[in-house]
Amino acid sequence: MERLQKIIAQAGVASRRKCEELILAGKVEVNGVTVTELGTKADPAQDIITVNGKPIKTEKKVYLMMNKPKGVITSASDPEGRKIVSDYFKGVKERVYPVGRLDYDTEGLLLLTNDGEFANLLTHPRHHVPKTYLATVKGVPHGTELDKLRKGIQLEDGMTAPAEVEYKDVDPDGKESVIAITIYEGRNRQVRRMFEAISHPVIRLKRIAFGDLLLQNLKRGLMRSLTKDEVNRLIQLAKSEKKRKGTK
Ligand code: URA
């Protein structure tokens, strides 16, 4: 559900301000009923919204996942002229944007959508949606060091929530190792900072799962639509994680 003036403005009818005036002037109907309250919410996918008797064109909701290569920035623009993710979805006609962020040097699963409610649900810190990464780190952390990450470790912005951590591969000469880590938060550079805190800096970082959605064999730089079932499962997961963990 979104505010009516936002839906109408996004449909390209007029500016947000002008849309508010149209509502106040009684020019807007939702499912045949005139709405003059500015706080009114509607569902652009379900409700029939008209302005001056004409139905508005609402954008279809799209949900995509991409395998972001490293060396690409998740923001909409970059003053330094580096590659940005939107370079990869020029063929997508809807205005999609990333759900959360991945660092410039991090690769892997990135969700993209034009559904603001879906993006908020998945990224809200209270919803504790798990994200799993494969971290190639310097050296081989001792089990007791990984236990610190499992329990929660002090970073400069506070303790981390408990994480799930597992060895995946260890270089025989001990130079580096691959660790799978699942975190339930999304702080800035969190995984990198967690491994720095145990003195095993990250060499390579790849997100392989978002909730129960797996990157699998999606090729680097490519994207695909999520199925309805995948979208619904992510929504259910975010809602149930919120209930299970309670609020902070
Ligand atoms: N943690 C990081 O350190 N970087 C990311 O891009 C995502 C999680």
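Calculation rules
- Residues numbered from 1 in each chain as written.
- Predicted model: local features only at pLDDT ≥ 70, side-chain atom pairs only at ≥ 80, totals over all residues.
- Heavy atoms only, no water.
- Helix = DSSP H or I, 4+ residues; strand = E, 2+ residues; numbered from the N terminus.
- Contact = heavy atoms within 4.5 Å.
- Pairing = 2+ DSSP bridges.
- Phe/Tyr/Trp six-rings, centres within 6.5 Å; stacked < 30°, edge-to-face > 60°.
- Buried < 20%, exposed > 50% of the residue type's maximum accessible area, 1.4 Å probe, protein only.
- Lys NZ or Arg CZ within 6 Å of the ring centre and 35° of its normal.
- Near = heavy atom within 4 Å.
- Polar contact = N/O pair within 3.5 Å; in protein donor to acceptor, adjacent residues only side chain to side chain.
- Areas by Shrake-Rupley, 256 points an atom, 1.4 Å probe, with all protein chains shown as cover.

1. Thoughts on the environment of Arg 95
Part 1: Within the secondary structure, Arg 95 is located in the loop between strand S7 (63-68) and strand S8 (97-98).
Part 2: Residues Arg 95 and Leu 112 lie 17 residues apart in sequence; the distance between their C-alpha atoms is 9.6 Å.
Part 3: Apart from the residues within four sequence positions on either side, Arg 95 is in contact with Gln 10, Glu 59, Thr 113 and Asn 114.

2. As for the pairing of strand S15 (residues 202-210)
Taken residue by residue, a regular strand's side chains alternate between the two faces of the sheet.
Part 1: Pairing geometry for strand S9 (residues 106-113) and S15, over three bridges, is parallel. Within the sheet, the bridge partner assigned to Gly 108 lies in S15 and is Arg 207.
Part 2: Bridge analysis of strand S10 (residues 131-138) against S15 gives seven bridges, and the strand direction is antiparallel. Bridged to Thr 136 within S15 is Arg 204.
Part 3: Strand direction decides the pairing type here: S15 and strand S16 (residues 213-214), joined by two bridges, are antiparallel. Of the residues in S16, the one forming a bridge with Phe 210 is Leu 213.
Part 4: In this antiparallel pair of consecutive strands, S15 and S16, the connection spans two residues, and Gly 211 shows a positive phi of 60°.

3. Remarks on the packing of aromatic side chains
Part 1: Overall, the coordinates contain one aromatic pair when judged by the stated rule.
Part 2: Relative to Phe 118, the ring of Tyr 63 lies with its centre 4.9 Å away and its plane at 75°, an arrangement referred to as edge-to-face. Of this pair, Tyr 63 sits in strand S7 while Phe 118 sits in helix H3 (residues 116-123), and the two are 55 residues apart along the sequence. Summarising the burial analysis for this pair, Tyr 63 and Phe 118 share the class buried.
Part 3: The residue whose ring lies beneath Arg 82 is Tyr 104, and the NZ or CZ to ring-centre distance is 4.7 Å.
Part 4: The ring centre of Phe 210 lies 5.9 Å from the NZ or CZ of Lys 131, which sits over that ring.

4. Concerning the site of the ligand
Part 1: Taken together, Leu 102, Asp 103, Thr 106, Tyr 133, Arg 189, Gln 190, Val 191, Arg 192 and Leu 205 form the complete shell of residues around the ligand.
Part 2: In the environment of the ligand, an oxygen atom lies 3.4 Å from a nitrogen or oxygen atom belonging to the backbone of Gln 190.
Part 3: In isolation the ligand exposes 240 Å². Once the protein is present, 96% of that is buried.
Part 4: By residue number, the principal contributor to the shell around the ligand is helix H5 (residues 190-197), which donates three residues.

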